[in-house]
Amino acid sequence: MSYPDFSPQGYQVINELGRNREGGRIAWLATDLKTSQQVVVKQFCFAQIGSNWSAYKEHEREIQVLQGLNHPGIPKCLGAFETPDGFCLIQEYKNAPNLAVGRSFDPEEIKQIAVKALEILVYLQNRIPPVIHRDIKPENILVDEQINVYLIDFGMSRIGSQELAASSVFNGTPGFIPPEQIRKPTVGSDLYGLGATLICLLTGTKSTQMYNLTDDDDPYVINFRYLLPRLSSHFLNWLELMVKPRLKERFTDAQTALDMLKPLDLIRVPEVKLSQSILVFEATKLGEQMKQPIEVVNTISGTVLQGKWQVAHHPQDPPHTPVSHPWIVIEPAKFSRNDTVCTVLLDTSKLMADKLYKRQLILRTNADPEVYSLTVQVQTAPLPIERDTMPDADLLYVFLPCAVVSLFFSWAIAIGGAETVITAVSGAMIGVAMGGAMGAGSAARVGASQAVGVAAFLAVIGSVIGAVIGAASVNFASAGSVFGAMLVAVIGTVIGSMNAKIRSIPIQLLLLTAGLGISFGIGVIFGVFNPYIFLAIAGTGLPLATMLLYPRFERRKLIAQYRQSENRLIKP
């Protein structure tokens, strides 16, 4: 292949870079004989067959404008000279292939290409008057290995938005020119070509096959969304605005498009849904350890949610790192899955009594948006006062009926013999009813008419049981009365306490109290030092004493500890 001889003008042609016969343009890679630097010689041959010499004046005028451009993304115009059949334009040579060459880029690299190309367009559009390229396509965008972007081939550019001559109506590449460019290009016209170029990169479509993505009814509508299921919907919306056929629906200029693009992620990102936006804790005792679950869900298929919990800074909290807090712990602190149940654990031993605390938990994710906030509200327990959970008088009301009833009926059977069976049965009814009613009424005396009624009903049942056992054998009359008294006193007291909503009285305390009273009553008749009676009294009395005395000791200990550490506790 023979190359033109430009040595008289100071350039030695090395090889051909590309040509456009219809426009009469050939690009040569050449060496500047003075500087030994490689340059691009763009030869405009208007005298060739198919070329139009009348376009010479337009190119000459626009070359003068291009010589004034100074942007790192636009190869500099180094000069020009005339030839017998046209003229040559000398430009910087950039060692970078164009985007029409088969290469693969990851989404982030494609975003970099889009950003840098838009920055070039912003520069051109801010010129006075603005420069409109009119032929942005993969062949006219160079990208090197460092993702530096260069816009070339301003042969069809226009200065401002002039009306076009009929001879240049079809200037541009099909699939990359918007409808208004045929009549009057604007600063938004180049956005269409850049958007179509990005679609080529993302879908792997060659520029010569763009027609495969266009709508049959409207060749300016590009259908591409279904080919990019893994890309972010936000970015796809942006790209659709770049290639809107109607100018009014497109971005108005490159600066607007650039500002909208920069914060977007190309890859489809997860979506975060929290089961709650606020966690409410209420402590019932000092130093209580509490926990609650919070579910974090991602509903976007094809993505994996990654998250990391942190506790936001609060002026009252001691110095801490975002992942190590003095009284709040989240487990797991990090996760990488789409459905995670995290547990928020609180240690209120470091907090003041009877105070309301509010803190913010921060969840940082790979979703959009990246940061989510969750409020933790904690009401600490009040300072315990010096009083029994169950008043002493109530304990006596439970204890005395059991003891008196057991003493009375044991004595009646032992002294009166078989003749007193009827008396024992009658006494059992009275004694059991009294024991059950007093036991239930004492535990429910805060307004427990229902409890007394239930206890009385149970007392009748207990008395019948005692009477039947007593009628069967005189020797078992005492056992029947004792059994009836114990049954009704315990059950009546428990039901009475439940009806009266006295949640603070443990059932174990009621059972031990009733058992101790019965054991002691029987022991008075048959001898306290009987091994079985003594074992029964010890088995009920020692646990009862522990339950009564230990809470008081523990409360006093907690109060003392609280008073000593109050100044060191964390404030709300």
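This report concerns the structure included in the present document. Because the structure is a prediction, the values reported are computed rather than measured. Going along each chain's sequence as written, the residues are numbered from 1 onward. The model is predicted, so local features are restricted to residues of pLDDT at least 70 and side-chain atom pairs to those at 80 or more, both for listing and for counting; the totals for chains, interfaces and linings are taken over all residues. Hydrogens and waters are ignored; side-chain quantities use all the structure's heavy atoms.

1. Considering the sheet that holds strand β10 (residues 272-274)
Ordered in space as β10-β12-β16-β14, the four strands form an open sheet in which the pairing is antiparallel. Two strands in the sheet have a free side with no partner beyond their single neighbour: β10 and β14 (328-331). Strand-to-strand twist of the sheet, defined as the mean angle between neighbouring strand axes without regard to direction, takes the value 25 degrees. Strand pairing is assigned whenever DSSP detects at least two bridges linking the two strands. Only DSSP runs of H or I covering at least 4 residues are called helices, and only runs of E covering at least 2 are called strands; the numbering of each starts at the N terminus. Fitted lines through C-alpha atoms give the axes, limited to the stretch in contact for helices. The angle between two N-to-C directions lies from 0 to 180 degrees.

2. Considerations on the pairing of strand β3 (residues 38-45)
Most of β3 is tucked away, with seven of its eight residues classed as buried. Both strand β2 (residues 25-32) and β3 contribute to a ladder of seven bridges, which runs antiparallel. Of the residues in β3, the one forming a bridge with T31 is Q38. Between β2 and β3, which pair antiparallel and follow one another directly, the connecting turn spans five residues, one of which, S36, has a positive phi of 65 degrees. Here seven bridges tie β3 to strand β5 (residues 86-92), and the two strands are oriented antiparallel to one another. The residue of β5 that forms the bridge with K42 is L89. Each residue gets one of three labels from its accessible area relative to the maximum for its type: buried under 20%, exposed over 50%, partly exposed in between, using a 1.4 Å probe on protein chains only.

3. Description of the sheet that holds β3
Strand order in the open sheet formed by five strands is β1-β2-β3-β5-β4, and the pairing between neighbours is antiparallel. Each having just a single partner strand, β1 (11-20) and β4 (77-83) make up the two edges of the open sheet. Direction aside, the axes of adjacent strands within the sheet are offset by 25 degrees on average.

4. As for unusual backbone geometry
For the bond from I128 to P129, the omega torsion is -5 degrees, close enough to zero to count as cis. Mapping P129 onto the fold places it in the loop between α2 (107-125) and β6 (131-132). Here the bond from E331 into P332 is cis, since omega is -10 degrees, no more than 30 degrees from zero. As for its placement among the helices and strands, P332 is situated in the loop between β14 and β15 (334-336). The phi angle at I147 is positive, at roughly 60 degrees, despite the residue not being glycine. Positionally, I147 belongs in the loop between β7 (141-143) and β8 (149-151).

5. Let's talk about the packing of helix α3 (residues 189-203) against helix α4 (residues 233-242)
Two elements in contact, α3 and α4, have axes whose closest approach is 8 Å; the angle formed by their N-to-C orientations is 135 degrees. Between α3 and α4, the angle falls in the class oblique. Across the interface between the two elements, L191, Y192, L194, G195, L198, I199 and L202 of α3 pack against F235, W238, L239 and M242 of α4. Here the contact of α3 with α4 is built from residues that sort into 10 nonpolar, one polar and no charged. Any angle that is under 35 degrees is reported as roughly parallel, and any over 145 degrees as roughly antiparallel; angles of 65 to 115 degrees are reported as roughly perpendicular and all others as oblique. When checking whether two residues touch, look at their non-hydrogen atoms; a contact exists if any pair is within 4.5 Å. Three categories are distinguished: nonpolar for Ala, Val, Leu, Ile, Met, Phe, Trp, Tyr, Cys and Pro, charged for Asp, Glu, Lys and Arg, and polar for the others, with Gly belonging to the last.

6. Remarks on the pattern of salt bridges
Counted as salt bridges are all cases of a side-chain nitrogen of Lys or Arg within 4 Å of a carboxyl oxygen of Asp or Glu. Scanning the model with the defined rule gives seven salt bridges in all. With its nearest N and O atoms 3.2 Å apart, the salt bridge here joins E240 to R225. Taken together, the residues E240 in helix α4 and R225 in the loop between α3 and α4 connect sequence positions 15 residues apart. Residues R359 and D317 are paired through a salt bridge, measuring 3.0 Å at the closest nitrogen-oxygen approach. Of the two residues, R359 sits in strand β17 (residues 356-365) while D317 sits in the loop between β13 (306-311) and β14, which places them 42 residues apart along the sequence. Both residues of the pair, R359 and D317, belong to the buried class.

7. Quick word on the packing of α2 against helix α5 (residues 254-261)
In the contact formed by α2 and α5, the axes pass within 8 Å of each other and the chain directions differ by 155 degrees. Judged on the interaxial angle alone, α5 and α2 are roughly antiparallel. Crossing angle aside, the handedness with which α2 passes α5 is left-handed. Contacts between α2 and α5 involve K111, A114, V115, L118, E119, L121, V122 and Q125 from the former and A254, Q255, A257, L258 and L261 from the latter. Among the residues forming the contact of α2 with α5, the class breakdown is nine nonpolar, two polar and two charged. Crossings are sorted by hand: turned counterclockwise from the far helix by less than a right angle, the near helix makes the crossing left-handed, and turned clockwise it makes it right-handed.

8. Regarding the nonpolar core
Counting 53 residues, the largest nonpolar core has L118, L124, W238 and M242 as the members making the most contacts within it. Elements supplying a minimum of two residues to this core: α2, β7, β8, α3, α4 and α5. Among the elements that make up this core, the one with the highest residue count is α2 (11 residues). Apart from residues no more than four positions distant in its own chain, L124 is found in contact with L69, I74, P130, V131, L151 and F154. The set of buried Ala, Val, Leu, Ile, Met, Phe, Trp, Tyr and Cys residues whose side-chain atoms join them within 4.5 Å is what this entry labels a nonpolar core. Grouped together as the second largest cluster of nonpolar side chains are 33 residues, V296, A353, A367 and L569 included.

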